[in-house]
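Understanding the architecture of this molecule
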Amino acid sequence: MAAVKIATWNINSVRLRRNLAARFLRRHQPDVLCLQETKCPDELFPAETFKSLGYVHQAINGQKGYHGVAILSRLPFQRTEKFVLCEKSDCRHVAVALEAGLVLHNFYVPAGGDIPDPDVNPKFAHKLAFLRELGDRFERARDGRHAPMALVGDLNVAPLENDVWSHKQLLKVVSHTPAEVELLARAQRAFDWHDVTRIFVPQEEKIYSWWSYRNQDWRASDRGRRLDHIWVSPGLKGAVSGHAIMKDMRDWQLASDHVPVMATITL
């Protein structure tokens with residue numbers, strides 16, 4: 001049996017924040033780091049920075065300027081895979097099968113823009129379609145849900161009342177609208193995924209992983225949302241032995257507006 005520590009982080013430009021990522025890796029030593037919003041084509045990804053720290057196994061799916069995901073690992077891969085959803089090659093997914101015995105999916109769900117109306121906002125329509133297709137995909141794969149699998153990433157939805165600073169005030173704000181919440185819940189039910197954060201943190205307790213740049217003193221206002229998630233397949237629910245949201249990293253100079261979420265899984 002082996003314990004595998006996994007971290008997920010929307011880094012909001014991997015080239016801009018490569019030094020922060022290196023600092024995080026040196027300090028916390030995850031076995032695998034999943035990044036979203038790398039904003040970097042594959043050929044310009046700072047691969048050597050992470051290889052020098054021992055993360056020699058890398059699965060990268062990026063493009064110029066927007067989106068992008070990557071998996072950096074000290075553990076070898078058996079294979080890698082990239083999904084295309086909504087017929088858009090916009091670099092929002094990469095998956096690996098670790099030789100340690102875990103299949104790991106890394107997603108960056110579309111943010112959805114500002115207006116929560118798919119008829120007038122194409123970005124929100126895309127987000128709903130993406131979540132719907134994600135649920136369809138997991139329904140088709142449901143027979144495989146007892147295999148050791150994990151899903152991580154910036155899912156851009158805060159699903160529960162205490163995943164946002166004010167449930168009532170955010171019901172009509174993109175990331176917490178009923179339409180998004182239901183589609184994400186459907187995707188979760190389709191594969192019987194377990195939400196690792198809420199295994200460790202009761203639903204009655206507020207917990208966030210993102211704080212807007214618009215708040216001058218983010219810690220004082222604490223108007224956050226839990227947009228970053230780690231889910232595990234049913235057989236791994238009892239195998240998760242640790243969890244942390246690295247809130248203090250929001251104070252780092254040149255910080256992302258997201259902070260890493262980590263979990264330890266025993267395989």
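So, here's what we can say about the structure.

Reading the values: rules and limits
- For every chain, the first residue of the written sequence is number 1, and numbering continues from 1 along that sequence.
- Local features in this predicted model are restricted to residues of pLDDT 70 or higher, and side-chain atom pairs are both shown and tallied only at a pLDDT of 80 or more, whereas totals for entire chains, interfaces and linings draw on every residue.
- Note that the side-chain values use all heavy atoms of the structure and ignore hydrogens as well as water.
- Between buried and exposed lies partly exposed: a residue is buried under 20% and exposed over 50% of the maximum accessible area for its type, with that area taken using a 1.4 Å probe on protein chains only.
- A helix here means a DSSP run of H or I that spans at least four residues, while a strand means a run of E at least two residues long, and both kinds are numbered starting from the N terminus.
- The contact criterion used throughout is that any non-hydrogen atoms of two residues lie within 4.5 Å.
- Contacts described as polar in this section are N or O atom pairs within 3.5 Å, which, within protein, must combine one atom able to donate a hydrogen with one able to accept it, while residues neighboring in sequence count only if both atoms come from side chains.
- For the purposes of this section, nonpolar cores are sets of buried Ala, Val, Leu, Ile, Met, Phe, Trp, Tyr and Cys residues that join through side-chain atoms within 4.5 Å.

Considering helix α1 (residues 18-28)
Buried residues of α1: Leu 20, Ala 21, Ala 22, Phe 24, Leu 25 and His 28, and no others. Among the structural elements, β1 (3-10), β2 (32-36), α2 (47-51) and β14 (261-266) are those in contact with the buried residues of α1. Phi for Gln 29, located one or two positions after α1, is positive at around 50°.

What about the side chain of Asp 163?
Tracing the sequence through the fold places Asp 163 in the loop between β8 (149-154) and α4 (167-170). What makes Asp 163 buried here is its relative accessible area of 0%. In this structure the side chain of Asp 163 is engaged in a polar contact, spanning 2.9 Å, whose partner is the backbone nitrogen of Leu 160.

Description of the nonpolar core
Counting 55 residues, the largest nonpolar core has Trp 9, Phe 24, Phe 45, Ile 71 and Leu 104 as the members making the most contacts within it. Excluding anything up to four places from it in sequence, Ile 71 contacts Val 32, Leu 33, Cys 34, His 57, Gln 58, Ala 59, Phe 77, Val 94, Ala 95, Val 96, Leu 104 and Asn 106. Leu 155, Val 174, Ala 190 and Trp 231 belong to the second largest nonpolar core, which has 23 residues in total.

Honestly, it's all geometry; don't read function into it.
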